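Chain by chain, the residues:
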Amino acid sequence: MSNPYLPEGRLLHTPENQRTCASLPLLHTAMEQGMILEGQAVWCTPEHDLSVSLGPFQGTIPREEAALGIREGTAKEIAILSRVGKPVAFAVTDIAQAEAGPILRLSRRRAQELVLERLLATPPGTVLPATVTHLDGFGAFVDVGCGLVSMIPIENCSVSRIAHSACRFAVGQEIFVVLTGGDRARQRLTLSHKELLGTWGENARRFSPGMTVPGYVRGIKPYGSFIELTPNFTGLTDRTEGLQEGDRVCVCIRGIYPDKMKVKLTVIETLPPVPQPEPFTYFITSGRLEQWTYSPPEFLREPMVKRFTSSP
């Protein structure tokens, strides 16, 4: 397993995970080596212990080992209850023999501690895989490995401003994020997303004057409406009656001006909504960013640059 600290669910059906979970000798080796595995949480007891199916065996994650923060009282019980019927990551902490078969003690908490320690030591600007777990008005919460959840603040979801993270993401969606820092004392990571969706120039090259394309109304002003063509590329229409924020519209591109970083649009008509946020076009999916310059070289004002440092 090249990266054992993946979001929950991504290891479950891999050949190595399945082979290890099906073999008692390999489970002993996994315990000795601190290997991260995945199984399926099949039920939760009244005491909030999780019963986990792994290959032909059944294991138990005691309540205090079910999530980072449960023991300290900083995590809510829903962090345990919501795992029933879903994959869970864990480290094997004990294997005992009994007449009915081996008794496996597992720890999801330990897996999350390993992820947190690794990411706190990872340089800012590193690109990580993540899975969206839930959405709120102030940001999107994502699993960055073994069920360890961190938040993308709403202002970091995209360059285009949105009213709610549900405008950009869907629960269960597999995405990429940028690690921007960490706070060891508070055991928290800080994340961003917009830097992976392309600069102004990279997005502009997908369009040309005269094209007619779909977009979303992201802001309405007395002088016109801002229309998102991509999550990192927005244009302005003249004042158009009847538009509401969030509307999906058809627009004609009248002009693209890199020196002013502006796009002029004309609304053609309103389009029916789509049920889910559209898939992302990522320009970066791996490696590490030292800095990210959103504005094009022709921009006449001070460049818009994000530098990634060791500060959160």
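Just so we're clear, the structure is a prediction, and the values are computed from it rather than from any experiment.

Points about the sheet that holds strand S2 (residues 50–54)
Part 1 of the reasoning: Taken in spatial order, the five strands of this closed barrel run S1-S2-S3-S5-S4, and their pairing is mixed. Geometrically, the sheet is characterised by an average inter-axis angle of 50° between neighbouring strands, direction not taken into account.
Part 2 of the reasoning: Two strands pair when backbone bridges link them, and strand S1 (residues 36–44) and strand S4 (residues 87–96) are joined in this way by five bridges, in the antiparallel orientation. From the neighbouring strand, Ile36 faces S4, where its bridge partner is Ala91.
Part 3 of the reasoning: Relative to S4, helix H2 (residues 24–33) is tilted by about 95°, and along the sheet it contacts S1, S2, strand S3 (57–61), S4 and strand S5 (103–107).
Part 4 of the reasoning: Its contacts with the sheet place helix H4 (residues 108–120) against S1, S3, S4 and S5, and it is angled at close to 115° to S4.

Side note on the sheet that holds strand S15 (residues 262–271)
Part 1 of the reasoning: Within the closed barrel, the five strands sit side by side as S11-S12-S13-S15-S14. Their pairing is mixed. Each adjacent strand pair in this sheet contributes to an overall mean axis angle of 50°, direction not counted.
Part 2 of the reasoning: Inspection of the sheet shows strand S13 (residues 233–237) paired to S15 by two bridges, in the parallel sense. Bridge assignment links Thr237 to a residue of S15, and that residue is Leu265.

A word on a positive patch on the surface
Part 1 of the reasoning: Residues Lys260, Lys262, Lys264 and Arg301 make up a contiguous surface patch of positive charge.
Part 2 of the reasoning: Structurally, Arg301 can be placed in the loop between strand S16 (291–293) and strand S17 (305–307).

A few points about the packing of aromatic side chains
Part 1 of the reasoning: Tallied over the full model, the rule gives eight aromatic pairs.
Part 2 of the reasoning: With a centroid separation of 6.4 Å and 90° between ring planes, the pair formed by Tyr223 and Phe226 is classed as edge-to-face.
Part 3 of the reasoning: Residue class for Phe226 comes out partly exposed when judged on its relative accessible area of 29%.
Part 4 of the reasoning: Positioned above the aromatic ring of Phe308, the side-chain terminus of Lys306 is 5.5 Å from the ring centre.

Considerations on the pattern of salt bridges
Part 1 of the reasoning: Applying the stated criterion across every chain, the model contains 15 salt bridges.
Part 2 of the reasoning: In this structure, Arg109 and Glu113 form a salt bridge, with 3.1 Å as the shortest nitrogen-oxygen distance. Here Arg109 pairs with Glu113, and both are found in helix H4, just four residues apart, close to one helical turn.
Part 3 of the reasoning: A residue is classified by how much of its surface remains accessible, and Glu113, at 27% relative accessible area, is partly exposed.

Regarding the layout of surface pockets
Part 1 of the reasoning: Empty space within the largest pocket amounts to approximately 1400 Å³.
Part 2 of the reasoning: Forming the walls of the largest pocket are 42 residues, and the residues nearest its centre are His134, Gly147, Leu148, Val149 and Ser150.
Part 3 of the reasoning: Breaking the lining of the largest pocket down by element, the ones donating at least two residues are helix H3 (78–81), H4, strand S6 (127–136), strand S7 (139–143), strand S8 (149–153), strand S9 (174–183) and strand S10 (188–192).
Part 4 of the reasoning: With four residues, S6 is the single largest residue contributor to the lining of the largest pocket.
Part 5 of the reasoning: Residues that form the lining of the largest pocket fall into these classes: 16 nonpolar, 14 polar and 12 charged.
Part 6 of the reasoning: Estimated volume of the second largest pocket: approximately 1200 Å³.

Brief notes about the environment of Met261
Part 1 of the reasoning: Counting through the fold element by element, Met261 comes out in the loop between strand S14 (248–257) and S15.
Part 2 of the reasoning: Judged by its relative accessible area of 16%, Met261 is buried.
Part 3 of the reasoning: Taking the C-alpha atoms as reference points, Met261 and Ala96, separated by 165 residues in sequence, lie 65 Å from one another.
Part 4 of the reasoning: For Met261, the contacting residues outside a window of four places in its chain are Trp200, Tyr294, Ser295, Pro296, Phe299 and Met304.

Points about the pairing of S4
Part 1 of the reasoning: The buried count for S4 comes to seven of 10 residues, which makes it a mostly enclosed element.
Part 2 of the reasoning: Pairing of S4 with S5 involves five bridges; the strand directions are antiparallel. What sits directly across from Ala96, in S5, is Ile103.

Side note on the pairing of S3
Regular strands place side chains that alternate from one sheet face to the opposite one.
Part 1 of the reasoning: Of the two faces of S3, only the one carrying Phe57, Gly59 and Ile61 is buried; Gln58 and Thr60 on the other face are not.
Part 2 of the reasoning: In the sheet, S2 pairs with S3 via five bridges, with the strands oriented antiparallel. What sits directly across from Val52, in S3, is Gly59.
Part 3 of the reasoning: Taking the residues that link successive antiparallel strands as the turn, the S2-S3 hairpin has two residues, and the phi of Gly55 there is positive, at about 60°.
Part 4 of the reasoning: Pairing between S3 and S5: two bridges, direction parallel. Among the inter-strand pairings, Gly59 is bridged to a residue of S5, identified as Leu104.

Rules of the game
- Residues numbered from 1 in each chain as written.
- Predicted model: local features only at pLDDT ≥ 70, side-chain atom pairs only at ≥ 80, totals over all residues.
- Heavy atoms only, no water.
- Pairing = 2+ DSSP bridges.
- Helix = DSSP H or I, 4+ residues; strand = E, 2+ residues; numbered from the N terminus.
- Axes fitted to C-alpha atoms, helices over the stretch in contact; angles between N-to-C directions.
- Contact = heavy atoms within 4.5 Å.
- Patch = residues over 30% accessible without salt bridge, like charges linked within 9 Å, V, L, I, M, F, W, Y side chains within 5 Å.
- Areas by Shrake-Rupley, 256 points an atom, 1.4 Å probe, with all protein chains shown as cover.
- Salt bridge = Lys/Arg side-chain N within 4 Å of Asp/Glu carboxyl O.
- Lys, Arg positive; Asp, Glu negative; His and termini not counted.
- Charge placed at Lys NZ, Arg CZ, Asp CG, Glu CD.
- Phe/Tyr/Trp six-rings, centres within 6.5 Å; stacked < 30°, edge-to-face > 60°.
- Buried < 20%, exposed > 50% of the residue type's maximum accessible area, 1.4 Å probe, protein only.
- Lys NZ or Arg CZ within 6 Å of the ring centre and 35° of its normal.
- 1 Å grid on protein atoms, 1.4 Å probe; cavity = no way out; pocket = protein on both sides within 12 Å on 5 of 7 lines; lining within 4 Å.
- Points joined across faces, edges and corners; volume = space filled by probe spheres on them.
- Nonpolar A, V, L, I, M, F, W, Y, C, P; charged D, E, K, R; others polar.

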